[in-house]
Amino acid sequence: MIRTTSKLADGRELIYFDSDVPAHRGTADLRPLEAPANRSEIRRDAVTGAWVTVAAHRQARTYQPPADECPLCPSRDGRFSEIPDADYQVAVFENRFPSLAADSPAPEGAAGDPLRTALAGTGRCEVVCFTSDHQSSFAALDEAHARLVLDAWTDRTAELSALPGVEQVYCFENRGAEIGVTLAHPHGQIYAFPFATPRTARMVEQAAKHRAATGRNLFEDLLDAERGDPRRTVLTGRHWTAFVPFAARWPYEVHLYPNRRVGDLTQLTEAERAEFPGVYLELLRRFDRLFTAPGAGGPAAPTPYISAWHQAPATNGAELALHLELFTVRRTADKLKYLAGVESGMDAFVNDVSPETAAERLREVAS
Ligand SMILES: [Zn+2]
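Predicted model only: the values in this text are computed from it and were never measured.

Rules used throughout
- Residues numbered from 1 in each chain as written.
- Predicted model: local features only at pLDDT ≥ 70, side-chain atom pairs only at ≥ 80, totals over all residues.
- Heavy atoms only, no water.
- Helix = DSSP H or I, 4+ residues; strand = E, 2+ residues; numbered from the N terminus.
- Rg over C-alpha atoms; globule rule 2.2 N^0.38 Å.
- Buried < 20%, exposed > 50% of the residue type's maximum accessible area, 1.4 Å probe, protein only.
- Contact = heavy atoms within 4.5 Å.
- Areas by Shrake-Rupley, 256 points an atom, 1.4 Å probe, with all protein chains shown as cover.
- Polar contact = N/O pair within 3.5 Å; in protein donor to acceptor, adjacent residues only side chain to side chain.
- Donors = N, O, S within 2.8 Å, 3.2 Å for Na, K, Ca; no water.
- Tetrahedral: all angles 85-135°; square planar, octahedral: opposite > 155°, others 65-115°.
- Salt bridge = Lys/Arg side-chain N within 4 Å of Asp/Glu carboxyl O.
- Phe/Tyr/Trp six-rings, centres within 6.5 Å; stacked < 30°, edge-to-face > 60°.
- Expected span 1.5 Å × (residues − 1).
- Bend = angle between axes of the 7 residues up to and from the residue.
- Pairing = 2+ DSSP bridges.
- Axes fitted to C-alpha atoms, helices over the stretch in contact; angles between N-to-C directions.
- Core = buried A, V, L, I, M, F, W, Y, C linked by side-chain atoms within 4.5 Å.

It is worth spelling out the overall build of the chain at this point. Scanning the chain for helices and strands turns up six helices and 16 strands. What you see for the chain is a C-alpha radius of gyration of 21 Å, in line with the 21 Å of a compact globule of 367 residues. Structurally, the chain occupies a C-alpha span of about 60 × 55 × 40 Å along its principal axes. Counting all 367 residues of the chain, 51% fall into the buried class. Once local pairs closer than 6 in sequence are excluded, the contacts in the chain between residues at least 24 apart make up 66%. Accessible surface for the chain amounts to roughly 17000 Å². Of this, 53% is attributable to carbon and sulfur atoms.

The structure is reproduced here in structure tokens:
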């Protein structure tokens, strides 16, 4: 993997990842951009203990621009985008409208008030362009290209984890307008949070309880149990296992674990990295076939999904296992799962598809 770093006109960092030495990288960004003013803060909900990021400056961000103004396509034919070069393989840059930024100012007042805990929204938000091809998708990448994305995620995890104040690095992809994606170009994002996210904090708690009760690691026990029970298994590789969780929240939800427990992407071995692209691409392709394969009720638009890497936080992260959670909000070819009163109001999920049925369907649509 060849890594080339560069700066955009307003000082943001841009990094190209190439599988081979590229002909040229690092064209100057000629746009007249002013450095954005970041005013992010994080506030702690005194009732639940969860941190909420308040980023009021993001309201002005780009919202579904026409394809010929896509900011993630390479800069070509006199049209300037966020990527100054005329082509790229994988490119990562700092988000122009970040929810979290290193230079966020400390919030005013309320210091020492336990009911109003607020801190600067320090951290970093990056955009990962998976390919220069606007019409493509992650599932359409070949294995070598998907491996390059894995290498980019790994590189960013190592670098962002080392930034002052960063507690957790979260790599993810939102796919589809149904998920609220504002740009159609195949891309993901990375958040370097100054806190452990609420879902991770709960996992840390559960793992600690399991350790206290059994003396063992929760994730290792869980993976052993799922590997010994084929009902919810979706696919197994030499180094990776994918299954629908016993208490899945979403209509189709798959969790992908390396068979050997590690805390984050930087700890994967070469053999584990080499197998990942084939396994992950197969899962994404199965997701795209869920509602289009015979018997699914006719063709549907590409499956919207969220793909979320769970990595150990810096504090109390020793028990956490790196894994990827992939799920869709689509229930049937023409129905979405909405987070309404029960889920949004109470954080209590009702799933209309049994996890065992979902797993069976995900095996049926195998390549
Ligand atoms: Zn594009």
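On to the side chain of Thr241. Turning to its location among the elements, Thr241 is positioned in strand S11 (residues 240-243). Accessibility expressed as a relative area gives 1% for Thr241, which makes it buried. Within the structure, the side chain of Thr241 is placed 2.4 Å from the side chain of Arg227, a separation counted as a polar contact. In this view, Thr241 contacts Leu223, Arg227, Leu235, Thr236, His255, Leu256, Tyr257 and Asn259; residues no more than four positions away in its chain are not counted.

Around the zinc ion, the protein supplies Cys70 (SG), Cys73 (SG), His134 (ND1) and His185 (ND1) as donor atoms, at distances of 2.0 to 2.3 Å. Around the zinc ion sit four donor atoms, and with donor-metal-donor angles ranging over 103 to 118 degrees the site reads as tetrahedral. Mapped onto the sequence, the residues coordinating the zinc ion show the spacing C-x2-C-x60-H-x50-H. With Cys73 in the loop between strand S4 (51-54) and strand S5 (90-94) and His134 in the loop between strand S7 (124-129) and helix H1 (143-161), this residue pair connects regions lying 61 residues apart in the sequence. For the residue pair Cys73 and His134, the accessibility class agrees, reading buried in each case.

Bringing the pattern of salt bridges into the picture now. For the structure on display, the rule yields 34 salt bridges. A salt bridge links Arg156 to Glu159; its shortest N-O distance comes to 3.2 Å. Linking Arg156 with Glu159, this pair stays in helix H1, spanning three residues, or about one helical turn. The exposure class of Glu159 is partly exposed, given its relative accessible area of 33%. Each of Arg3, Glu13, Glu94, Arg124, Glu126, Asp155, Arg156 and Glu159 takes part in a single network of salt bridges with overlapping partners.

With that settled, consider the packing of aromatic side chains. Applying the stated criterion across every chain, the model contains 21 aromatic pairs. Arranged with centres 6.4 Å apart and planes meeting at 65 degrees, the rings of Trp240 and Trp309 form a pair that is edge-to-face. On the criterion of sequence distance, the pair formed by Trp240 in strand S11 and Trp309 in strand S13 (residues 305-310) is long-range, its members being 69 residues apart. In this pair, the class of Trp240 matches that of Trp309, namely buried. Centre to centre, the rings of Phe243 and Tyr257 are 5.8 Å apart; their planes meet at 10 degrees, and the pair counts as stacked. Separated by 14 residues along the polypeptide, Phe243 in strand S11 and Tyr257 in strand S12 (residues 252-258) bring together distant segments of the chain. Each member of the aromatic cluster is reached from another via a ring pair, and the members are Phe130, Phe138, Trp153, Trp240, Phe276, Tyr280 and Trp309.

In this model helix H4 (residues 270-289) runs 30 Å from its N-terminal to its C-terminal C-alpha over 20 residues, within 8% of the 28 Å that 1.5 Å per residue would give. The sharpest bend along H4 measures roughly 35 degrees and falls at Phe276, with the proline Pro277 sitting one to four residues further on.

Another aspect to go through is the side chain of Thr200. Mapping Thr200 onto the fold places it in helix H2 (residues 198-214). The exposure class of Thr200 is buried, given its relative accessible area of 0%. If near-sequence neighbours (up to four positions away) are discounted, Thr200 is found in contact with Gln168, His310, Gln311, Pro313 and Leu320.

Time to look at the sheet that holds strand S6 (residues 118-120). Pairing is antiparallel across the open sheet formed by three strands, whose spatial order is S4-S3-S6. The open sheet has two free edges, formed respectively by S4 and S6, since each of these has just one partner strand. Geometrically, the sheet is characterised by an average inter-axis angle of 25 degrees between neighbouring strands, direction not taken into account. Of the pairings in the sheet, the one linking strand S3 (residues 41-44) to S6 comprises three bridges and is antiparallel in character. Across the sheet, the residue bridging to Arg43 is Ala118, located in S6.

Quick look at the nonpolar core now. By size, the foremost hydrophobic cluster in this structure holds 52 residues, and its most contacted members are Phe138, Trp153 and Trp309. When near neighbours in sequence (up to four residues on either side) are disregarded, Phe138 contacts Phe130, Ala146, Val149, Trp153, Glu173, Tyr280, Leu281, Leu284 and Tyr305. Leu8, Tyr16, Ile83 and Ala91 belong to the second largest nonpolar core, which has 13 residues in total.

Helix length check: H1 (19 residues) gives 27 Å between terminal C-alpha atoms against 27 Å at 1.5 Å per residue, within 8%. Across the 19 residues of H1, 14 count as buried, placing the element largely inside the fold. Two or three places before Ala144, at the opening of H1, Asp142 has a side-chain oxygen 3.3 Å from that residue's backbone nitrogen.

For the rest of this paragraph, the subject is the pairing of S7. For S7, the buried fraction is high: six of the six residues fall into the buried class. Because side chains alternate across S7, one face comprises the buried residues Arg124, Glu126 and Val128, and the other comprises Cys125, Val127 and Cys129, equally buried.

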